[in-house]
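Chain by chain, the residues:
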Amino acid sequence: MFAASFVPAWRLCGAGVGMTSATRVTGTGSGLGGSGGSGTWSAWKPLLALGIAKCGRSRGRAARGLQALAEVVEISAEVGLGLVSPQGAKAGAVLIEEDPLLQTSKDERLPESAARFRTLPQGTKQKLLALAATPGQAEKEVGFSGDELRFVRVLRTNSVSVPGAGGAVYKTACRANHSCRPNASLCVGPDARMRLKALRDIEPGEDIQVSYIGEGDLLRPTQHRQKQLASWGFKCGCVRCSGPEDTRAFTCAACGTGLMHYEKSEVSGHRWGPCSCCQAVLPAETLRGAEEQWLDHVQSLRPESQEALAPVMAAAMYEGLCSSLAEGGPTAGPALEGHWVSAKLARLAAEELVRQRRYQDHCRGILRRPARLLPCCAATCAAPWGVQPRAPRPSPPTSRRGSWPRRETQLRCSWRSRRRRRRICCRGAGTS
Ligand SMILES: C[S@@+](CC[C@H](N)C(=O)[O-])C[C@H]1O[C@@H](n2cnc3c(N)ncnc32)[C@H](O)[C@@H]1O
């Protein structure tokens, strides 16, 4: 069905530093040549200066002569246009608030969308056609030409999924470019109104970047993320994609405390590096085998028949992982704060704990792990389960035996002993 494939679901995700941008022409409207990579710029100058000024709550700002929180600027010939924050913003600030130019329904097919496009007012058509349009699979574009072909491509490139409905396209928010460490997030309500929110403090002049892929994918290794992004027709060069791999670290089986990071190198090939603590090197096959085993475990949580059970099983697996890492042993495991498998298990486990309406404090502890792995997740990780990241802690237990449930106590103990061992190890390394 068309709707499932075209809505690229720019899902919500977290913060971090953005991609560096090259040339920047801050938008007063006159500076753009035709090199944005997306076509009909000349018909479309006013967008450049609009920033937040035309969107909902920002009307007041514009009237008071305040600067926009987000402006559309030219980033580079390759990237095209993008959003920038001229005066910076605090975490949680709404940078843009706007209604869609066009909404599509859930099971709508391309010909139906194209038919609807034909009936739109000329002004709306122009605004839609001015958005970026990545060529897609030729077979899906058969039968379209001219403006309709461009419109179909605009839909594919810019459509944002609306909860419980189909997709929607926005005039300004759709100018946000992607980063695997985004600093902003697209939040769309069931009414399709878009709020682009800062996930962390944004510096004046910094690019505003969102993630086009879901949080689950965002936690996964570079190669996986690049594959997901291929349909937008660019190779992501963000700090995470061009820097060291941050989601495939294993704990060292030799010392039980250090980490072995997966190193990306086009020249010498990809490999796991030596232990950060004892410098031991493990054969690549050992680590690959261990990783595949854990991937199988996670895959086994997938089948729909067991969907309801998945969080329960994940909680048990996560608990097992925590204790095996705490105990050390002959097999290395995916690091709690450095491997996407642990992060995924942690999130599913937290889901289960929230479902049980127990272990709220413990659950926040678990959620902090993927958040540390990818700090941008801190805000959004908690949201789906209604856990407020900054909710007050419950009063401490009177005695460990007394009020804390057994599982909680066990996990806390194993984490604590692991932390203690790491401290000892680091002290040892420092003095030798
Ligand atoms: C939704 S549009 C974003 C706005 C677009 N840059 C424009 O000029 O309107 C998505 C397109 O922007 C470009 N893009 C987004 N993020 C990018 C990135 N990190 N690196 C290179 N190109 C990117 C790609 O061409 C992608 O298909």
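All values derive from a computational prediction rather than experimental measurement.

Caption draft 1: Quick look at the overall build of the protein. In terms of regular secondary structure, the protein is built from 16 helices and 15 strands. Classification of the 432 residues of the protein by burial places 42% in the buried group.

Caption draft 2: Representation of helix α9 (residues 222-229). The set of residues buried in α9 consists of Thr222, Arg225 and Leu229. Within α9, the buried residues cover an arc of 65° as seen down the axis, which keeps them to one side. Away from its buried face, by an angle of more than 90 degrees, α9 presents the exposed residues Gln223 and Lys227. Looking at the buried residues of α9, the elements they touch are β7 (177-178), α8 (215-218) and α10 (239-242).

Caption draft 3: Expanded view of the sheet that holds strand β3 (residues 94-98). In spatial order, the strands read β3-β9-β8; together these three strands make up an open sheet with antiparallel pairing. Both outer strands of the open sheet, β3 and β8 (184-188), are each paired with one neighbouring strand and no more. The sheet shows a mean angle of 15° between the axes of neighbouring strands, direction not considered.

Caption draft 4: Seen up close, the packing of helix α4 (residues 110-118) against helix α7 (residues 146-158). Closest axis-to-axis distance for the α4/α7 pair is 10 Å, and the angle between their directions is 115°. Handedness of the crossing formed by α4 with α7: right-handed. Two secondary-structure elements touch here, α4 through Leu110, Ser113, Ala114 and Phe117 and α7 through Glu148, Phe151, Val152 and Leu155. Here the residues of the contact of α4 with α7 sort into six nonpolar, one polar and one charged.

Caption draft 5: Seen up close, the nonpolar core. Counting 44 residues, the largest nonpolar core has Leu95, Val169 and Leu196 as the members making the most contacts within it. Sorting elements by how many residues they give to this core places α7 first, with four residues. Listed in part, the 39 residues of the second largest apolar core include Trp272, Cys277, Ala314 and Ala335.

Caption draft 6: Spatial organisation of the site of the ligand. Gly80, Leu81, Ala132, Asn177 and Phe234 are the nearest of the 20 residues found near the ligand. Mapped by element, the contributors of at least two residues to the shell around the ligand are β2 (80-85), α7 and β7. The element that contributes the greatest number of residues to the shell around the ligand is β2, accounting for three residues.

Caption draft 7: Representation of the confidence of the model for the protein within the structure. Across the protein, the average pLDDT comes to 71, with 63% of residues at or above 70. In the predicted structure, residues 1-60 sits below a pLDDT of 50 and forms 155 contacts with residues beyond four places in sequence or in another chain. Ignoring residues within four places in sequence, the model shows residues 62-66, a span with pLDDT below 50, making two contacts including any to other chains. What the predictor reports for the complex is a pTM of 0.71 with an ipTM of 0.99.

Caption draft 8: Representation of α4 in the model. Turning to α4, its buried residues number three or more, namely Leu110, Ser113 and Phe117. End-on view of α4: buried residues confined to an arc of 65°, all on one side of the axis. Turned more than 90 degrees away from the buried face of α4, the exposed residues are Ala115 and Arg118.

Caption draft 9: Spotlight on the pairing of strand β1 (residues 71-76). Of all six residues in β1, five are buried, a share of seventy percent or more. Of the pairings in the sheet, the one linking β1 to β2 comprises five bridges and is antiparallel in character. Of the residues in β2, the one forming a bridge with Ser76 is Gly80. What sits between the antiparallel neighbours β1 and β2 is a turn of three residues.

Parameters at a glance
- Once a new chain begins, its residue numbering starts again from 1 and follows that chain's sequence as written.
- Restriction of local features to residues with pLDDT of at least 70 applies here, the model being predicted, together with a cutoff of 80 or more for giving and counting side-chain atom pairs; totals for whole chains, interfaces and linings are based on all residues.
- Only DSSP runs of H or I reaching four residues or more are called helices, and only runs of E reaching two or more are called strands; each is numbered from the N terminus.
- In this scheme every C-beta is placed from the backbone, and a residue whose C-beta has 20 or more other C-beta atoms within 10 Å is buried, one with 12 or fewer is exposed, and one in between is partly exposed.
- An arc is given here, and it is the one of the directions from the helix axis to the C-beta atoms.
- Think of it this way: build a C-beta for each residue from its backbone, and any pair within 7 Å is a contact.
- The criterion for strand pairing is that DSSP finds at least two bridges linking the strands in question.
- As a rule, the C-alpha atoms of each element are fitted with a line to give its axis, helices using only the stretch in contact, and angles between N-to-C directions run from 0 to 180 degrees.
- We call a crossing left-handed when the near helix sits turned anticlockwise from the far one by less than a right angle, and right-handed when that turn is clockwise.
- Each residue receives one of three labels: charged for Asp, Glu, Lys and Arg, nonpolar for Ala, Val, Leu, Ile, Met, Phe, Trp, Tyr, Cys and Pro, and polar for the others, Gly being one of them.
- Connectivity within a nonpolar core runs through C-beta atoms within 7 Å, and the core itself is a set of buried Ala, Val, Leu, Ile, Met, Phe, Trp, Tyr and Cys residues.
- In this analysis, residues qualify as near a molecule or strand once their C-beta atom, positioned from backbone atoms, comes within 6 Å of it.
- The quantity known as pLDDT measures the predictor's confidence residue by residue, on a range of 0 to 100.

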